[in-house]
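Observations on the three-dimensional arrangement
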Amino acid sequence: MIVNENIKNSKPEILAPAGSIKALYAAFYAGADAVYVGAPKFSARAFAENPEMEELQNALDYAHMFGKKIYLALNTLVKNEEIEEAVNMIAPLYQHGLDGVIVQDIGILSVLGKCYPKLELHGSTQLAVMSVYGARKLKELGITRIVPARELSINEIRELKNDGIKNGYEIECFIHGAMCYSYSGNCLFSSIAGGRSGNRGRCAGPCRKKYDVVIDGKQYGNGDIYPLSMRDMCVVQSIRELVDIGVDSFKIEGRMKAPEYAAGTSAIYKKVVEDCINNKCSDKKLSSHESELRKLYMRSEVSSGYLHQHNGKNMITLDSPSYTSTLDETKKVISDKYLDKLLFKKIDVSLFVTCNENMTITASCGDYYACVAGDVCEPASKRATDDESLRKQLCKTGGTFFEINSLEIVNDNKSFVPVSKINELRREVLEELKKQMLDKYLWDDYKPYKKDTDSGISSDVIENKVYISVSDMQQFKAVTHYGFYNALMLDLKVCELLKEEDYKSLSDKEVYISLPYIIRQKNASDVKKVFEHIKDTFSQYDIKLAGCVVHGYDGLGLISLSFEDIDIIISGSVYAFNDESVRYINAHSSGYTASYELSGGELKKLEAANRRIMPVYGYIPLMYASNCLLKTISNCNINKNDILFIKDEGNRLFPVKTVHDYCYNVIYNCFPLDLSSKYKELGVFNSAMKIDFTIEGYDETRRVMDYYEKLVLQGINNDRLFDNNAFTTGHYKRGVE
């Protein structure tokens, strides 16, 4: 087993946000070990003042001079026509030793290592990795660092870190800043309900808006509560535990915030970590640091996040999501101390001036040494150049990152040296010293991206099949009355509830077991055991298990790394957004699901249409959340399968399903997706279709099945499934920006 030699329990990296070039330099001056910064395009913070390429190249040189790092956030989904630009855009930064790139798009991940051999690949928190299975699966792509979901507990982080030591990947954890209500990467709320995709860096912040909550017909709130607004994370009180675990990097959220925030938080967390390492971290000190952090662009309420609790009302800013104002006095103190300031390298310089010999200058910094010889020193016709004149010019190091520590001048006082020659020699030796210090970062082994003409996709097809997905027994009972579909996807919980007569109704069906959408480290082994038990039970009843449906990298890793004989279908939660991601997904599955965020026109241009499943009906999941609306507003009853609603300011009702077995909520769109009007058009896709039941009762399931049965068998249905436009076609017409 090859293990990354850099992974060991050492002082964690302080990783600061740099939404602007000013914030970048301020964070470094304040003590950050690294910063993450967005490129001008393809960053999850499209509205930040992301630096230009030339600024980033200079910043990389600066960072490397002081042993610091810069990571590029390329953490959005990338469309087919954008892949070449997104991949090749990195080249100028790679040539300056870019320290790593943070990626969400699995297609981009799959090609970056081929184009940039030395580039570290970091799996964004947008990939929603929550277990060692997901981490190991991504490690196969060459990922060296995982940024797991922010919802993980201390114990889950510990297990990932221990596995990372064994299998060669680092762990980077968020420790401070704003929190999304949804598991990152699993949110389509802004996209579907608001038209701005978070997966494209344009989140409109729907979780910071007002919603009433309706439970069993009773409304809580009157347009005055914020049940989805998370308190800001501040884990300073738990920092010792994270240090002890050996987390490799502590990440501070906030690329949209001011440079004072980047600098102030970096300085405080740097001090906290150093105190922990040196056993000087008292409760009193931590409380003092937390008080200081609360003054810096924080919401009025904070929490330690999910480190010590799975969810809770105390994590929500129910009354107001607004920030407390940062006092001008506080900003001025930080600004005066850290902003518009640069670090400097102390160097030792020696100059040798001897008549009729070459003027020579040396400069050294640690293990680096440079020596440059100039012109022959001419005899002075009148007055020789004295030491003070030489010193004055040599100390002019402005425009560089060097500062004179000691200066030795050996001068025979017989020569005249023009000022221009002294300046020229000084510039040359400093440039040579800088070159030596940065030489190991000057990489030229990159290969421009070129799409492989051989997709490598299997010729196996699923075209023209009809898949039905059910999530409860009422839906199961309803769909078994029909025979127009080819395959049935059963929720894991449904499989556990099947009785003997139910198994008989499956004898002529292609059956897939659908894993939970959220599989965390703490319940992954339970999911595996239940799956094994159901698989054995199917065998006892002579029911052929066609395969398994997975909804994330944890599920993909769990099944593919544990079972060799299981076909996998990958749901739309693993985004097949471009041909490269389609190729990766198809290499690990027998079928993939079309993304809700691509238009029909974009889908037509994607590869492997004959292995694609097209959702044509169902409530689109907008959020998967560890937090529980029942617990926030009322009380959670694990013995009751609740469907509640949140109502927005436009009186739209969004259904919320509580998944008690694995303790998460799913928020669905207010209207179901229905593409039945596009049925003929969809026929040219040569793709399978999926009808997805989630919150429907028995009668509604039968009604939808009746409609689609006629549509599929006759190719036309002049009736309307929904009246008064009580449905949506999603992004089928336009896609997302």
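This is a predicted model, so every value here is computed, not measured. (Residues numbered from 1 in each chain as written. Predicted model: local features only at pLDDT ≥ 70, side-chain atom pairs only at ≥ 80, totals over all residues. Heavy atoms only, no water.)

1. Some words on the overall build of the protein chain
When its secondary structure is counted, the protein chain shows 24 helices and 31 strands. For the protein chain, the C-alpha radius of gyration of 30 Å lies close to 27 Å, the compact-globule estimate for 737 residues. For the C-alpha atoms alone, the extent of the protein chain along its principal axes is close to 110 × 60 × 50 Å. Classification of the 737 residues of the protein chain by burial places 60% in the buried group. A separation threshold of at least 6 residues defines the contact pool for the protein chain, and within that pool the share at least 24 residues apart is 72%. (Helix = DSSP H or I, 4+ residues; strand = E, 2+ residues; numbered from the N terminus. Rg over C-alpha atoms; globule rule 2.2 N^0.38 Å. Buried < 20%, exposed > 50% of the residue type's maximum accessible area, 1.4 Å probe, protein only. Contact = heavy atoms within 4.5 Å.)

2. Focus on the packing of aromatic side chains
Tallying each qualifying case throughout the model produces 24 aromatic pairs. A ring pair is formed by tyrosine 116 and tyrosine 446, whose centres lie 6.1 Å apart and whose planes are at 20°; its orientation type is stacked. Taken as a pair, tyrosine 116 in the loop between helix 5 (106-115) and strand 5 (121-123) and tyrosine 446 in the loop between helix 14 (419-438) and strand 19 (466-470) lie far apart in primary sequence, 330 residues in all. The partly exposed category is assigned to tyrosine 446, whose relative accessible area is 28%. Taking 4.7 Å as the distance between ring centres and 20° as the angle between the ring planes, the aromatic pair formed by tyrosine 517 and tyrosine 624 counts as stacked. Within this pair, whereas tyrosine 517 is found in the loop between strand 21 (510-514) and helix 18 (521-540), its partner tyrosine 624 is found in strand 26 (residues 621-625), the two being separated by 107 residues in sequence. Classification of tyrosine 517 by relative accessible area gives partly exposed; the value is 25%. Here the aromatic residues Tyr617, Phe693, Tyr707, Tyr708, Phe722 and Phe727 are joined through ring pairs into a cluster of three or more. One cation-aromatic arrangement involves arginine 136 over tyrosine 133; the distance from NZ or CZ to the ring centre is 5.9 Å. (Phe/Tyr/Trp six-rings, centres within 6.5 Å; stacked < 30°, edge-to-face > 60°. Lys NZ or Arg CZ within 6 Å of the ring centre and 35° of its normal.)

3. What about the sheet that holds strand 15 (residues 368-376)?
As summarised here, the arrangement of the four strands in space is 15-14-13-17, forming an open sheet in which the pairing is mixed. Edge positions in the sheet fall to strand 15 and strand 17 (402-411), since each has one partner strand and no second. In this sheet, neighbouring strand axes are inclined to one another by 15° on average, regardless of whether the strands run parallel or antiparallel. Bridge count between strand 13 (residues 345-353) and strand 17: nine bridges; the pairing is parallel. Across the sheet, the residue bridging to isoleucine 347 is isoleucine 404, located in strand 17. (Pairing = 2+ DSSP bridges. Axes fitted to C-alpha atoms, helices over the stretch in contact; angles between N-to-C directions.)

4. Looking at the layout of surface pockets
Its volume calculated, the second largest pocket comes out at about 670 Å³. Considering the residues around the second largest pocket, the lining is formed by 33 residues, among which Ser471, Asp491, Lys493, Lys657 and Val659 are closest to the centre. Contributing elements (two or more residues each) for the lining of the second largest pocket: strand 19, helix 16 (492-497), strand 26, strand 28 (653-659) and strand 29 (664-668). Split into classes, the residues belonging to the lining of the second largest pocket amount to 18 nonpolar, eight polar and seven charged. (1 Å grid on protein atoms, 1.4 Å probe; cavity = no way out; pocket = protein on both sides within 12 Å on 5 of 7 lines; lining within 4 Å. Points joined across faces, edges and corners; volume = space filled by probe spheres on them. Nonpolar A, V, L, I, M, F, W, Y, C, P; charged D, E, K, R; others polar.)

5. A look at the environment of isoleucine 620
One can find isoleucine 620 in the loop between strand 25 (612-618) and strand 26. Given the relative accessible area of 0%, isoleucine 620 is considered buried. Excluding anything up to four places from it in sequence, isoleucine 620 contacts Leu188, Ile192, Tyr596, Ile667, Tyr668, Asn669 and Leu673.

6. Considerations on the side chain of threonine 537
Secondary-structure assignment places threonine 537 in helix 18. At 2.9 Å, the side chain of threonine 537 forms a polar contact with the backbone oxygen of histidine 533. (Polar contact = N/O pair within 3.5 Å; in protein donor to acceptor, adjacent residues only side chain to side chain.)

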